[in-house]
Number of protein chains: 4
Amino acid sequence: MSINSFGHLFRVTTWGESHGPALGATVDGCPPGVPITAEMIQHWLDKRKPGQNKFTTQRREADEVRILSGVFEGVTTGTPIQLMIENTDQRSKDYGDIMDKFRPGHADITYYQKYGIRDYRGGGRSSARETASRVAAGGLAREAIKAIAPDVQITGYMVQMGPHQIDRNSFDWDQIEQNPFWVPDAKAATEWADYLDGLRKSGSSVGAIIEVTARNVPAGLGAPVYGKLDTDLAAAMMSINAVKGVEIGEGMSAAMLTGELNADEIFMGNDGQPRYSSNHAGGILGGISTGQDIVLRFAVKPTSSILTTRKTITKSGEETEIITKGRHDPCVGIRAVPVGEAMMACVLLDHMLLHRGQVGENRGHIG
Amino acid sequence: MSINSFGHLFRVTTWGESHGPALGATVDGCPPGVPITAEMIQHWLDKRKPGQNKFTTQRREADEVRILSGVFEGVTTGTPIQLMIENTDQRSKDYGDIMDKFRPGHADITYYQKYGIRDYRGGGRSSARETASRVAAGGLAREAIKAIAPDVQITGYMVQMGPHQIDRNSFDWDQIEQNPFWVPDAKAATEWADYLDGLRKSGSSVGAIIEVTARNVPAGLGAPVYGKLDTDLAAAMMSINAVKGVEIGEGMSAAMLTGELNADEIFMGNDGQPRYSSNHAGGILGGISTGQDIVLRFAVKPTSSILTTRKTITKSGEETEIITKGRHDPCVGIRAVPVGEAMMACVLLDHMLLHRGQVGENRGHIG
Amino acid sequence: MSINSFGHLFRVTTWGESHGPALGATVDGCPPGVPITAEMIQHWLDKRKPGQNKFTTQRREADEVRILSGVFEGVTTGTPIQLMIENTDQRSKDYGDIMDKFRPGHADITYYQKYGIRDYRGGGRSSARETASRVAAGGLAREAIKAIAPDVQITGYMVQMGPHQIDRNSFDWDQIEQNPFWVPDAKAATEWADYLDGLRKSGSSVGAIIEVTARNVPAGLGAPVYGKLDTDLAAAMMSINAVKGVEIGEGMSAAMLTGELNADEIFMGNDGQPRYSSNHAGGILGGISTGQDIVLRFAVKPTSSILTTRKTITKSGEETEIITKGRHDPCVGIRAVPVGEAMMACVLLDHMLLHRGQVGENRGHIG
Amino acid sequence: MSINSFGHLFRVTTWGESHGPALGATVDGCPPGVPITAEMIQHWLDKRKPGQNKFTTQRREADEVRILSGVFEGVTTGTPIQLMIENTDQRSKDYGDIMDKFRPGHADITYYQKYGIRDYRGGGRSSARETASRVAAGGLAREAIKAIAPDVQITGYMVQMGPHQIDRNSFDWDQIEQNPFWVPDAKAATEWADYLDGLRKSGSSVGAIIEVTARNVPAGLGAPVYGKLDTDLAAAMMSINAVKGVEIGEGMSAAMLTGELNADEIFMGNDGQPRYSSNHAGGILGGISTGQDIVLRFAVKPTSSILTTRKTITKSGEETEIITKGRHDPCVGIRAVPVGEAMMACVLLDHMLLHRGQVGENRGHIG
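These figures come from a predicted structure and were not determined experimentally.

1. Section: the overall build of chain A
Scanning chain A from terminus to terminus reveals seven helices and 18 strands. The C-alpha atoms of chain A give a radius of gyration of 21 Å, which matches the 21 Å a tight globule of 367 residues would have. Principal-axis analysis of the C-alpha atoms gives chain A an extent of 70 × 50 × 35 Å. Across the 367 residues of chain A, 71% fall into the buried class.

2. Details of the relation of the copies chain A and chain B
Once chain A has been moved 0.0 Å along the axis and rotated by 180°, it coincides with chain B to within an RMSD of 0.0 Å. The superposition of one copy onto the other is thereby described by a two-fold rotation axis. A symmetric contact is evident, with 100% of the interface residues of chain A recurring at the interface of chain B.

3. Some points on helix 7 (residues 333–359) of chain D
All names here are of chain D. For helix 7, which comprises 27 residues, the first-to-last C-alpha distance of 38 Å matches the rise-based estimate of 39 Å (1.5 Å per residue) to within 8%. In terms of burial, helix 7 is a largely internal element, 27 of the 27 residues being buried. Where helix 7 ends, the next residue or the one after it, Gly360, has phi of about 80°, a positive value.

4. Notes on the sheet that holds strand 11 (residues 243–248) of chain B
Hydrogen bonding along the main chain pairs the strands of a sheet, whether they run parallel or antiparallel. Spatially, the 10 strands line up as an open sheet ordered 9(A)-8(A)-10(A)-16(A)-11(A)-11(B)-16(B)-10(B)-8(B)-9(B), and their pairing is antiparallel. What marks the edges here is a single partner per strand, and that holds for strand 9 (164–165) of chain A together with strand 9 (164–165) of chain B. Across seven bridges, the pairing between strand 10 (residues 208–215) of chain B and strand 16 (residues 294–300) of chain B is antiparallel. Residue Val212(B) lies in a different strand from strand 16 of chain B, and its bridge partner there is Leu296(B).

5. Comments concerning the UniProt feature "binding site: FMN" (unreviewed entry) in chain A
All names here are of chain A. Sites flagged by UniProt as "binding site: FMN" (unreviewed entry) map to Arg125, Ser126, Ser127, Asn241, Ala242, Gly286, Lys301, Pro302, Thr303, Ser304, Ser305 and Arg327. Note that Ser127 resides in the loop between helix 2 (108–115) and helix 3 (131–148). For Ser127, a relative accessible area of 13% translates into the label buried. If we ignore the near neighbours within four places in the chain, the residues touching Ser127 are Ser18, Gly122 and Asn241. Reaching out from Ser127, the side chain makes a polar contact with the backbone nitrogen of Arg129 at a distance of 2.9 Å. Here Gly286 is to be found in the loop between strand 14 (284–285) and strand 15 (288–289).

6. Quick word on the interface of chain A and chain B
Counting residues at the interface gives 114 residues for chain A and 115 residues for chain B. Looking at the side of chain A facing chain B, the largest losses of area belong to Lys114(A), Tyr226(A) and Lys244(A), adding up to 10% of the total buried there. Where chain A packs against chain B, one counts two salt bridges. Residue Arg310(A) pairs with Glu265(B) through a salt bridge whose shortest N-O separation is 3.9 Å. Here chain A and chain B share 57 residue pairs in polar contact (both at pLDDT 80 or more) between them.

7. Overview of the UniProt feature "binding site: NADP(+)" (unreviewed entry) in chain A
All names here are of chain A. The feature "binding site: NADP(+)" (unreviewed entry), as given by UniProt, occupies Arg48 and Lys54 in the numbering adopted here. Residue placement: Arg48 occurs in helix 1 (residues 38–48). A relative accessible area of 1% places Arg48 in the buried class. Not counting chain neighbours up to four residues away, the residues in contact with Arg48 comprise Asp63, Ala128, Arg129, Thr131, Ala132, Val135, Arg335, Pro338 and Val339. Structurally, the position occupied by Lys54 is in the loop between helix 1 and strand 4 (65–67). For Lys54, a relative accessible area of 43% gives the class partly exposed.

8. Points about the side chain of Thr79(A)
Among the structural elements, Thr79(A) can be located in the loop between strand 6 (75–76) and strand 7 (81–86). Only 2.7 Å separates the side chain of Thr79(A) from the side chain of Thr77(A), close enough to count as a polar contact. Leaving out residues up to four positions away in the same chain, Thr79(A) has contacts with Val27(A), Gly70(A), Glu17(D), Tyr111(D) and Arg125(D).

9. Side note on the pairing of strand 7 (residues 81–86) of chain D
Successive residues of a regular strand alternate their side chains across the two faces of the sheet. Residue and element names in this part refer to chain D. Extensive coverage of strand 7 is indicated by the burial of five of its six residues. Two elements, strand 3 (residues 22–28) and strand 7, share six bridges in a ladder whose sense is antiparallel. Its bridge partner lying in strand 7, Ala22 is registered against Glu86. Sheet topology places strand 4 (residues 65–67) next to strand 7; three bridges connect them, and they run antiparallel. Paired with Arg66 across the bridge in strand 7 is Met84.

10. Considering the packing of aromatic side chains
A complete count under the given rule lists 32 aromatic pairs over all chains for this structure. Judged by centre distance (5.0 Å) and plane angle (75°), the ring pair of Phe171(A) and Trp173(A) falls under edge-to-face. Relative to Tyr115(D), the ring of Tyr111(D) has its centre 5.6 Å away and its plane inclined at 55°; by these criteria the two rings are tilted. One end of the pair is Tyr111(D) and the other is Tyr115(D), both in helix 2 (residues 108–115) and four residues apart, which spans about a single turn. The same class applies to Tyr111(D) and to Tyr115(D), which are both buried. Here a set of aromatic residues connected by ring pairs shows up, and it is made of Tyr157(A), Phe171(A) and Trp173(A).

11. Some points on the sheet that holds strand 2 (residues 11–16) of chain C
All names here are of chain C. Taken in spatial order, the five strands of this open sheet run 1-2-3-7-4, and their pairing is antiparallel. The strands lining the two open edges of the sheet, one partner per strand, are strand 1 (5–6) and strand 4 (65–67). Set on the sheet, helix 3 (residues 131–148) makes contact with strand 2, strand 3 (22–28) and strand 7 (81–86); between it and strand 3 the angle comes to about 35°.

12. What about the packing of helix 7 (residues 333–359) of chain B against helix 7 of chain D?
Closest axis-to-axis distance for the helix 7 of chain B/helix 7 of chain D pair is 7 Å, and the angle between their directions is 145°. By crossing handedness, the relation of helix 7 of chain B to helix 7 of chain D is classed as right-handed. On helix 7 of chain D, the residues that touch Leu353(B), Arg356(B), Gly357(B), Gln358(B) and Val359(B) of helix 7 of chain B are Leu353(D), Arg356(D), Gly357(D), Gln358(D) and Val359(D). Here the contact of helix 7 of chain B with helix 7 of chain D is composed, by residue class, of four nonpolar, four polar and two charged.

13. Quick look at the interface of chain C and chain B
Chain C puts 43 residues into the contact, and the matching count from chain B is 43 residues. Overall, the association of chain C and chain B removes approximately 3200 Å² of surface from exposure, summing both partners, and the carbon and sulfur fraction of that is 62%. Counting across the interface, chain C meets chain B through zero salt bridges. Inspection of the chain C/chain B interface yields nine residue pairs in polar contact (both at pLDDT 80 or more). Counting only elements with at least two residues in the side of chain C that touches chain B, the list comes to strand 2, strand 3, strand 4, strand 5 (71–72), strand 6 (75–76), strand 7 and helix 2 (108–115) of chain C.

14. A closer look at unusual backbone geometry
All names here are of chain A. Pro224 connects to Val225 through a cis peptide bond whose omega is 0°. Mapping Val225 onto the fold places it in the loop between strand 10 (208–215) and helix 5 (229–238). Despite not being glycine, Asn216 has its phi angle at roughly 65°, a positive value. One can find Asn216 in the loop between strand 10 and helix 5. The class for Asn216 is partly exposed, based on a relative accessible area of 43%.

15. Overview of the packing of helix 1 of chain A against helix 7 (residues 333–359) of chain A
Residues and elements named next belong to chain A. Where helix 1 contacts helix 7, the axes come no closer than 8 Å and their chain directions differ by 150°. Overall, the two elements helix 1 and helix 7 adopt an arrangement that is roughly antiparallel. Where helix 1 abuts helix 7, its residues Trp44, Lys47 and Arg48 lie against Arg335, Pro338, Val339 and Glu341. Of the residues belonging to the contact of helix 1 with helix 7, the class tally is three nonpolar, no polar and four charged.

16. Quick word on the pattern of salt bridges
All names here are of chain B. Taken as a whole, this structure holds 70 salt bridges over all chains when the rule is applied. Ionic pairing is found between Arg142 and Glu341, a salt bridge with its closest N-O pair at 3.3 Å. Here Glu341 lies in helix 7 and Arg142 lies in helix 3 (residues 131–148), a separation of 199 residues in the sequence. With relative accessibility at 3%, the residue Glu341 sits in the buried group.

17. Here we look at the environment of Gln165(C)
Residues and elements named next belong to chain C. Mapped onto the elements of the fold, Gln165 is located in strand 9 (residues 164–165). Distance in space between the C-alpha atoms of Gln165 and Val183 is 9.9 Å, their sequence separation being 18 residues. If we ignore the near neighbours within four places in the chain, the residues touching Gln165 are Val159, Gln160 and Trp192.

18. Re the pairing of strand 17 (residues 310–313) of chain A
Residues and elements named next belong to chain A. Bridge analysis of strand 17 against strand 18 (residues 319–322) gives four bridges, and the strand direction is antiparallel. Residue pairing for strand 18: Ile313 is matched across the bridge by Glu319. The turn linking strand 17 back onto strand 18 is made up of five residues, and Gly317 within it adopts a positive phi angle of 90°.

Here is what the cut-offs are and how they apply
- Each residue is numbered by its place in its chain's sequence as written, counting from 1.
- Key to labels: chains lettered from A, ligands numbered from 1, both in the order written.
- Per-residue local features are limited, in this predicted model, to residues with pLDDT of at least 70; the limit for side-chain atom pairs, both in listing and counting, is 80 or more; totals at the level of whole chains, interfaces and linings are taken over all residues.
- As a rule here, side-chain values cover all heavy atoms of the structure and leave hydrogens and water aside.
- Secondary structure counts use DSSP, requiring at least four H or I residues in a row for a helix and at least two E residues in a row for a strand, with both numbered from the N terminus.
- As defined in this context, the radius of gyration uses C-alpha atoms, and a globule is described by 2.2 Å times the residue total to the power 0.38.
- Residue exposure (1.4 Å probe, protein chains only): buried if accessible area is under 20% of the type maximum, exposed if over 50%, otherwise partly exposed.
- In this comparison the copies share one frame, found by least squares on the C-alpha atoms of residues holding pLDDT of at least 70 in both.
- We call two residues in contact when some of their heavy atoms are within 4.5 Å.
- One less than the number of residues in a helix, times 1.5 Å, gives the span that helix is expected to have.
- Two strands qualify as a pair provided DSSP detects at least 2 bridges between them.
- UniProt positions are given in the numbering used here, feature names are shortened, and annotations may be inferred rather than shown by experiment.
- Each polar contact in these results corresponds to two N or O atoms within 3.5 Å; when the atoms are within protein, one needs to be able to donate a hydrogen and the other to accept it, and residues that are neighboring in sequence are counted only if both atoms are side-chain atoms.
- Once two parts are brought into contact, the accessible area they lose, counted with a 1.4 Å probe and summed over both, makes up the buried area.
- Salt bridge criterion: a side-chain nitrogen from Lys or Arg within 4 Å of a carboxyl oxygen from Asp or Glu.
- Pairs were defined over the aromatic rings of Phe, Tyr and Trp, the Trp ring being its six-membered one, requiring ring centres within 6.5 Å. Orientation was assigned from the angle between planes: stacked under 30 degrees, edge-to-face over 60, tilted for the rest.
- Angles run from 0 to 180 degrees between N-to-C directions of axes, and those axes are lines fitted to C-alpha atoms, restricted for helices to the stretch in contact.
- Crossings are classed by handedness, with left-handed meaning an anticlockwise turn of the near helix from the far one by less than a right angle and right-handed meaning a clockwise turn.
- Lys, Arg, Asp and Glu make up the charged group, whereas Ala, Val, Leu, Ile, Met, Phe, Trp, Tyr, Cys and Pro make up the nonpolar group; the residues left over, Gly among them, are polar.
- Geometric relationships in this document are graded by angle, where less than 35 degrees denotes roughly parallel, more than 145 denotes roughly antiparallel, 65 to 115 denotes roughly perpendicular, and other angles denote oblique.

Have a look at this one:
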């Protein structure tokens, strides 16, 4: 049992805190022979990196990843891969005035209640900075997936920010990379920019919903009944900072459907593979992938650090007030997009390896 | 790594399928000295048992649990506890006509694609019958919790069935045991009965949302960052048959909140413990319990077995149609209520043991 | 983490105690499609079964195994397999007079010190009866291995009993099945029978060394550095009741070798595979199989239950004396032979699956 | 499942290879509040460090450890602790001439057969250099043990080198730190120095047996039946490079004992704790500590790198010869002493935490 590790065969252990010397991911179980360089991983870290536009925290971090082990002559060797990112902009003085106060909505109070330690430096281990390690591991997972199932495409994007939802009829994959929110809807991108700018200036923050889709995933992945693909995805997403809900396919709305509507009908496709009339299941039945798109959503709560005064208490139990200054994201959901993608990549690779180990090649042939 | 086990220290492995000789739970890591009898566990199994009213499947199962190991002179010994339930009403002939057809919305097709085996007897391992094992393990977990934190109360109930939601203003704990839906709202119970009766007669089905609340849970439970309390709860609930979404506290609606609304303010209570102005967090911050009520919801999709003809394919790839006769629940969400409670009990006990192992007693003292 | 489970992908959880209603093995991760019947498993249980000759305990147990799940139409389905053996000859009255006394050399005192429970019925969970579950799981593992590497042969035999060792020059595989000790040496078998008969009549007991050889194991199995093949084998054997030492290849005698003697020289065989001049390594280098025979030995201490009076204490701390009557083995090492074989089978299968999952097919081609 | 991790609750993942940029240990599950500095850990690394006398490899490594996470203001925080050691003397040119040859007795051939990768730089991951990570983790474990059971003393020493054994009658704890072999016998130390000097000059090497004793370990540690204390210790020691055998208490010699001799008689001590007449069990009964000294031994094979020509093959399957020049230990067993101690410390701490989690305080009171 390990509390800072996830994955069955592709096993990632993250370490490090917001203001320590470094953080990173110790990755065990990556298959040998995968071509990988620090640059390939850096690409994904840059996507998550703070300070890229006015909508994300102005903390300046190079977020430069180094590969310290497990790669020789440009390929993975099958031994543990250490991915390290040094913290360069630690400025812990920013946080001096909250040394004794617990920030509402943050994990300050519960970490103290659990461990008896108050690491007041920007949240310590509970900081969203930990997700840089996940993105690094996810970048590696993407390269390893290529060797097993090269057609797999993993894409995250925002579908809701505060009260604003995308228009599904305007959904455009090509828009995702064109705006700071990774929104697949050009009109929404413009409107959301105005909305968020207002929030930012007022020192407020707002929540969001991220959707992650994985296309061309082979059927048969998932290990019922406690290592189901949706189970592991739900755990992966819920473990991300500030996430409060996870949905697969219809998600919470499945409650409103009747059996007739919900059961995706099955046909044979021209390629000799099953074809479905719809995808209410989100690509997963009984915890196993169907071959349809895997579709999940997760909700990120608003950044808890805001410029409005809030009531709280101190370590010694005195009631007081707090304003959380510092450098923060008005919508932390934005930077959760690459994190959600990274977790999807890690879980999919893990289940590809697990399936291979347990069953060998995909066995059930239809037709 | 084990795919049919869950839990870190209180570790439950379920086994058995819908129409085999028996099913059960192998429970490892239950603390020694817990008074337990088969009757105590039977109480919870009876709550889940089919055939109790017209809204649940008419399959007749005694669901009688036997304790085969790990208990001596009425108390647990610290060794593995085997809880076995024999299948008595197997009537596999009911399922004969679906031997080669995959039922839409069911896991028939994915199990076949993964394992190359078609266990056509009522879903085999993917049947919701597996949840009887969970309820048995959960009954044991409840007794073990009593020894560690006797005030903990775990209660599940329905808050939505199809389009019908409860009225939160009429919420009444005492109503939950008074109706077949475990709804905390007398008026809803009556209306829902009519609604569901209509669906049942037409051979249709509908989804539901279950809420599970745990009261008086001590602060400090949860093992960040991949064994967070909400992570493990999300995995536990998502692993239940037919669940498509899981929420903690505000859940998916957190996306619509601003930071000011979301961050529960903190005060000191008269009992010397922190007190919160609200519970948007659902009792969990940073993956660790706050001492507030833990509140989660999960959505159950409509029963996929319905009396309406649906398009599907056969093992040999031919397109065809299917009607799923047999004995089924019009709203399988009803029987998911005790299952959700059982999973909550298992996860909480597990984290109580884990906290004790890792940290010893709760260490951070406020005030 | 689970204390009564072993294996990475082929994961066995044993349950049950000496005098409870039943015991068994919950096996998770067995590949689908393996032909298996209770009779196939029974074959190996019969080898371990007590009461077969005057050298093993006269306890009468049918040791009849039932398959309760995970097998459909004669093949494994990829879901958990429950193997149950009911206890029929429980005669717990035999043990009544040791209710309060701790038997020296037995685990009575440590189980009590750990769990606070005194299960005086024949050792409870610490009884060697638990090994029946292992043999059942091992029988299943043997069948699953056949599908992956059909040439693998796993054979256990005694090489030492008390001061008597086999003559390696007389080693004869065909003798192993011809005597009650599974000794590969006809002359030794005769002499040992006399020796042990004397010990049995005097109510004494003696230790033994078992060797287990696995032939035709493919190169490349093992998961360094903490899941090495020899690491997992050492753990597997040391977990067997009464085992006090485990050796691979030269074992403890490796301490006496020089580098020149120890390093097995490498040549190319006529079959295009590496060939070695010797096998000091016991078939494992760096924790990975070489393709040579895997050779391990483990030492079993003498049965602690003897007819000689020994000093001990009671639960209440009073000094007293004890004679352990009852039905016992003068050399418990005899029945450890099939147990050692079973553990070897489980570990090898597990590593075949693990290798497949992590690396795919054996990748390094020589020549 | 993770192949480069060990431990249940105190979980250590090591990473890094002989000639990469760095190596280290990611330690998860260390209790919070343990005072720790890099210097405290450095103390133990210095004991293992190469180049300290003529009997160990002349490779020059500072082996300087840095703590990159999990420690704040001088105490552990309960979050993952990253211990990193940079490789400074990588001189991979030394190994150039073995790029295509497999060194007999080394893991070169099996790593290649498994992973398809030939990391020819000094053994890569299979190098004993990996044990530096273990010693670092062990240093941390020792400090954490102090907080739980301050009287525990863990001491490793050599008891055999080649044909030379210590005289148990001259055993002297105080001698262990006085000689380069950590031998508890002054006379042996002198004689062994001459013996090993001869071997060194001739370019040969020899094996050794290390004994590790843990004193004042509380009764009740160990998690039967697959997480027994001796099981976990056997795995821990067998996972160390070059180890071929592990013994507890009487070890392999238990085979020669009768039941009368083997069963340590039990009395009550003046301190109200059980007292034993002897310790054939090595402090462990049924996989659980008795409170007596825990005594284990492991055998280390001779260093495989020697100056004598040996036959081998190349990657392309050609037969050839090899002499392994470079900087090596004539008796690698010497440097295995601190490694054995480190593994003992990690296993004991792990079981202290596990016992606390599963059982709470030691429950069975005698007297």
